[in-house]
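# Structural overview
Residue strings, one per chain:
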Amino acid sequence: MTATESLPSPATADADEVMTVTAARALADGTSCFVGIGLPSTAANLARRTHAPRLWMVYESGTLGASPSTLPLSIGDGELAETADSVVPVTEVFNYWLQAGRIDTGFLGAAQIDRFGNINTTAIGDYDAPAVRLPGAGGAPEIAASCGRVIVIVRQSPRTFVERVDFTTSVGHGGGPGDRERLGLRGAGPVRVITDLGVLEPDPATRELVLTSVHPGITAERAREATGWDLAVAPDLATTPAPEPRELAVLRSLTGRG
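Residues numbered from 1 in each chain as written. Predicted model: local features only at pLDDT ≥ 70, side-chain atom pairs only at ≥ 80, totals over all residues. Heavy atoms only, no water.

### Describing the nonpolar core
- Grouped together as the largest cluster of nonpolar side chains are 31 residues, with contacts concentrated most on F34 and V193.
- At the level of elements, α4 (90-98), α5 (140-146), β10 (149-153) and β14 (209-214) are the ones that each hand at least two residues to this core.
- Take this core: its biggest share by element is four residues, from α4.
- Among residues more than four places away in sequence, those in contact with V193 are I113, V152, V154, F161, G198, V199, L200 and L209.
- By size, the runner-up hydrophobic cluster in this structure holds 27 residues, among which are V21, A47, F107 and I153. (Core = buried A, V, L, I, M, F, W, Y, C linked by side-chain atoms within 4.5 Å. Buried < 20%, exposed > 50% of the residue type's maximum accessible area, 1.4 Å probe, protein only. Helix = DSSP H or I, 4+ residues; strand = E, 2+ residues; numbered from the N terminus. Contact = heavy atoms within 4.5 Å.)

In structure tokens:
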């Protein structure tokens, strides 16, 4: 059996693996990416090990050009500092790199996201008496405001995909066209939301998220059922290309499944 034949078949990929591979493919070689811990970090590190070896990863702790050999457990993981091109104060990361528009892509997760790509990571329910108090903003508001573009990676369910977020931690497209410009936000905002069911992108005119692709085996109806608003579906709805054997093999070596 050759090395290629021993790799896992794309058909064996689970929903999270399809989502992560799809997110990794959205990152171009030679670009800079502000990376969050969790699924965004997994996707970014997968991209760097496959099609984007010159992806320049920045973590909130001040590590510029990090190239960890294992997935970091947090932004304070020593592996990030040991492998970075440079370690700078957090204030420099935000003031010089992020807020000045020097980062191409911001990679974010979400506890809630609404039809205009606004993100909540602060509280579920009323802010003063929440049902759930979430970890909070961290650097997400600045990432959402100032990166050239934002990609969100999140599992899709009616609890997460809501008509309107309970609290706006990070502005996506506000309430519709022109809101980012009125707020003076530098970046383009969310250009893609990648889930375990498919891919959503903002409509150019309304800025409302539209289902543009479904993952293999997923129907548009299933994606609509997992959304807390009347999700629009693109007339030319595509099917996401399945993960390739090499992508799966590298991903599983990162996550410990290989």
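And the narrative resumes.
### Examining the sheet that holds β14
- One open sheet accounts for ten strands, arranged β4-β3-β2-β1-β5-β10-β12-β13-β14-β15; its pairing is mixed. Looking at which strands have only one partner, the edges of the open sheet turn out to be β4 (86-87) and β15 (232-239).
- Bridge count for strand β5 (residues 105-108) against β10 is four bridges, and the pairing is parallel. Within the sheet, the bridge partner assigned to F107 lies in β10 and is I151.
- Contacts between helix α2 (residues 39-49) and the sheet are confined to β1 (32-35), β2 (56-59), β3 (63-66), β5 and β10, with β2 contributing the most and set at about 160 degrees to the helix. (Pairing = 2+ DSSP bridges. Axes fitted to C-alpha atoms, helices over the stretch in contact; angles between N-to-C directions.)

### Description of the environment of V18
- Along the polypeptide, V18 turns up in helix α1 (residues 15-25).
- It is 8.7 Å that separates the C-alpha atoms of V18 and L197, two residues lying 179 residues apart in sequence.
- The residues contacting V18, other than those within four sequence positions of it, are A13, H215, P216 and P243.

### As for the pairing of β2
- Where β1 lies against β2, four bridges are found, and the strand directions are parallel. Along β2, the bridge assignment pairs C33 with M57.
- In this fold, β1 hands off to α2, which returns the chain to β2; that crossover is right-handed.
- Looking at chain direction, β2 and β3 are connected through three bridges and run antiparallel. Bridge assignment links Y59 to a residue of β3, and that residue is T63.
- Taking the residues between adjacent antiparallel strands as the criterion, β2 and β3 are bridged by three residues, where G62 takes a positive phi near 110 degrees. (Right-handed = clockwise from strand over helix to strand, strands pointing away.)

### Topic: the pattern of salt bridges
- If you walk through the whole model with that rule in mind, you get eleven salt bridges.
- Among the salt bridges present, the one from R257 reaches E17, with a minimum N-O distance of 3.0 Å. Taken together, the positions of R257 in the segment after α8 (245-255) and E17 in helix α1 put the pair 240 residues apart, joining distant regions of the chain.
- Here E163 ties to R115 by a salt bridge, and the two come within 2.5 Å at their closest N and O atoms. Placement of E163 in the loop between β11 (161-162) and α6 (179-183) and of R115 in the loop between β6 (112-114) and β7 (119-120) is noted, with a sequence separation of 48 residues between them.
- Counted as one network, the salt bridges with shared partners bring together D14, E17, R252 and R257. (Salt bridge = Lys/Arg side-chain N within 4 Å of Asp/Glu carboxyl O.)

Everything listed here is a matter of coordinates, which is why it stays silent on function.
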